[in-house]
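# Structural overview for review
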Amino acid sequence: MSFPRGLCAVSRSARRGFDGCRRLLSSDHGSPALMQTRFAGAPRTTVLGCKDIYSWCLPSSYSIGHQIHHQTVVEEQLDPFSLVADELSILANRLRSMVIAEVPKLASAAEYFFKLGVEGKRFRPTVLLLMASALHVPLPEPTDGSLGDAVSSELRTRQQCIAEITEMIHVASLLHDDVLDDADTRRGIGSLNFVMGNKLAVLAGDFLLSRACVALASLKNTEVVSLLATVVEHLVTGETMQMTTSSDQHCSMEYYMKKTYYKTASLISNSCKSIAILAGQTTEVTVLAYEYGRNLGLAFQLIDDVLDFTGTSASLGKGSLSDIRHGIVTAPILFAMEEFPQLRTVVDRGFDDSANVDLALEYLGRSRGIQRARELAKKHAELAATAIDSLPESDDEDVRKSRRALIDLTHIVITRNK
């Protein structure tokens, strides 16, 4: 596929220098006072309902284009989404056609979050299309040039199908989650359950899963079918874990990370692995694709959990503090609990009483919970970037640009504000 001209790729040596800078940042566990001195001028943010604290976003020196070991790397920033914009448009149209149902009411419900203007930024399809390009291996020149083009085109179509399946599974999970959480907004508009009722929202989610299954079967690859079927199992397992936690599990970081993998990271990691499998990649490369998706997914959810405390309803497209008000304990609170063990008593009492919510937020504001959650997200982002940098070297310009874009996505994930 073609990409915009005039964009240079990161050289492997420059990227290693950049990774060194990342490792330096991630390994700094000095005192808060020392870190405050080193990151003087870091942006401040507000834990909703609490005092101001440092957000500990990545400093500007973390981004590409700054001096690394006194050597300036001058590069034009890539927009990962623009590299696959044309394909995303085609994919969006195809998704809208795939969710058409015989019953008008069901069709209207199924396409609710696929309509223009509310389809989101298509983060997961973007990752998968970029991964497909990043793992592209040029075919040997055949005697008939058209044969190679046909094979390459067929592979791309099958990989696009993975992106479509992933998006349908993702949206189905959102519809079901909104019913379970009794949500009233999603992506800045009324949630489907709020607009059309719980029953239709559940049926619409089931319908999307059935469409995803049909598309998955058309690929006729048993390993890929098994992987994505397991993803659906993980989504159910993760949601059940969230609903049925014991007191000890409620306050366990290990349990939280396992649940986060099931609910968020499994889909993107196994989809990335499926892209590699369809491309006929080696076991080593499929593992790297999986690790990229797993760590990117974990980083994404960790930042989501931070934003639930520091964002606003307008920027998030949903109610702020929604997790804690639903009794869901996430990384910032878990880290705060390590500093203030008395917060455990507040958590055990539950958050039906708004006074307990306010008290938990007060402890959070006094702790490094937000900072440590961001640091953990950054570490997973670094692991994702390392997985891409560990792929076999390629001289293909489009491959290098796609890999650079996948690394850039790790930065976007951890510095976003919605």
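Residues numbered from 1 in each chain as written. Predicted model: local features only at pLDDT ≥ 70, side-chain atom pairs only at ≥ 80, totals over all residues. Heavy atoms only, no water.

Across its full length, the chain holds 20 helices and six strands. When burial is assessed residue by residue, the chain has 53% of its 418 residues classed as buried. Here the analysis covers contacts within the chain between residues at least 6 apart in sequence; of these, 76% occur between residues at least 24 apart. A total of about 18,800 Å² of accessible surface is found on the chain, and carbon and sulfur atoms cover 54% of it. (Helix = DSSP H or I, 4+ residues; strand = E, 2+ residues; numbered from the N terminus. Buried < 20%, exposed > 50% of the residue type's maximum accessible area, 1.4 Å probe, protein only. Contact = heavy atoms within 4.5 Å. Areas by Shrake-Rupley, 256 points an atom, 1.4 Å probe, with all protein chains shown as cover.)

At a minimum axis distance of 10 Å, the contact between helix H4 (residues 85-98) and helix H6 (residues 123-134) shows a crossing angle of 125°. As summarised for this structure, H4 and H6 are arranged oblique, according to the angle between their axes. The chirality of how H4 crosses H6 is right-handed. Across the interface between the two elements, Glu87, Leu88 and Leu91 of H4 pack against Pro125, Thr126 and Leu129 of H6. Classifying every residue of the contact of H4 with H6 gives four nonpolar, one polar and one charged. (Axes fitted to C-alpha atoms, helices over the stretch in contact; angles between N-to-C directions. Parallel < 35°, antiparallel > 145°, perpendicular 65-115°, else oblique. Left-handed = near helix turned anticlockwise from the far one by under 90°. Nonpolar A, V, L, I, M, F, W, Y, C, P; charged D, E, K, R; others polar.)

The next thing to look at is the environment of Ile414. With respect to the helices, strands and loops of the structure, Ile414 is situated in helix H20 (residues 397-415). A relative accessible area of 4% places Ile414 in the buried class. Taking the C-alpha atoms as reference points, Ile414 and Leu296, separated by 118 residues in sequence, lie 9.4 Å from one another.

Take the nonpolar core next. Side chains that are nonpolar tend, in soluble globular proteins, to be buried together. The biggest cluster of nonpolar side chains holds 114 residues, and the ones touching the most others in it are Val127, Met131, Ile165, Tyr292, Ile333, Leu343 and Leu406. Beyond its immediate stretch of four places on either side in the chain, Leu343 contacts Ile333, Ala336, Met337, Ala360 and Tyr363. (Core = buried A, V, L, I, M, F, W, Y, C linked by side-chain atoms within 4.5 Å.)

A complete count under the given rule lists 13 salt bridges for this structure. Asp248 is the partner of Arg344 in a salt bridge, and the nearest nitrogen-oxygen pair spans 3.0 Å. You can see Arg344 sitting in helix H17 (residues 343-349) and its partner Asp248 sitting in helix H11 (residues 247-250), a full 96 residues away along the chain. On the basis of relative accessibility, which here comes to 57%, the residue Asp248 falls in the exposed class. Across the salt bridge formed by Arg416 and Asp304, the nearest N and O atoms sit 3.0 Å from each other. Linking Arg416 in the segment after H20 with Asp304 in helix H13 (residues 283-310), this pair joins segments that are 112 residues apart in sequence. Among the charged side chains, a network of salt bridges with common partners joins Asp177, Glu239 and Lys263. (Salt bridge = Lys/Arg side-chain N within 4 Å of Asp/Glu carboxyl O.)

Glancing now at unusual backbone geometry. Most peptide bonds adopt trans geometry, and most residues besides glycine take a negative phi value. The backbone phi angle of Lys220 is positive, close to 55°, even though this residue is not glycine. The topology assignment puts Lys220 in the loop between helix H9 (198-218) and helix H10 (222-243). Since its relative accessible area comes to 76%, Lys220 is described here as exposed.

Below, the discussion takes up the confidence of the model for the chain. For the chain, per-residue confidence averages 78 on the pLDDT scale, and 74% of positions sit at 70 or higher. Residue range residues 1-46 is modelled with pLDDT below 50. Its contacts to residues more than four positions away, or to other chains, number 93 contacts. The model gives residues 313-319 a pLDDT under 50, and that stretch makes 18 contacts with residues more than four places away or in other chains. (pLDDT = per-residue confidence, 0-100.)

A few words on helix H19 (residues 369-389). In this model H19 runs 30 Å from its N-terminal to its C-terminal C-alpha over 21 residues, within 8% of the 30 Å that 1.5 Å per residue would give. A large share of H19 lies buried, amounting to 17 of its 21 residues. (Expected span 1.5 Å × (residues − 1).)

Mapped onto the secondary structure, Arg374 falls in helix H19. Each C-alpha atom, one on Arg374 and one on Ala331, is 9.3 Å from the other, the two residues being 43 residues apart in sequence.

What follows is about the packing of aromatic side chains. Centre-to-centre distance and the angle between the planes together describe a pair of aromatic rings. Enumeration according to the criterion identifies three aromatic pairs in this entry. Ring geometry for Phe340 versus Tyr363: centroids 5.6 Å apart, planes at 45°, classification tilted. On the criterion of sequence distance, the pair formed by Phe340 in the loop between helix H16 (331-339) and H17 and Tyr363 in helix H18 (residues 354-366) is long-range, its members being 23 residues apart. Take Tyr363: its relative accessible area is 13%, and that puts it in the buried class. (Phe/Tyr/Trp six-rings, centres within 6.5 Å; stacked < 30°, edge-to-face > 60°.)

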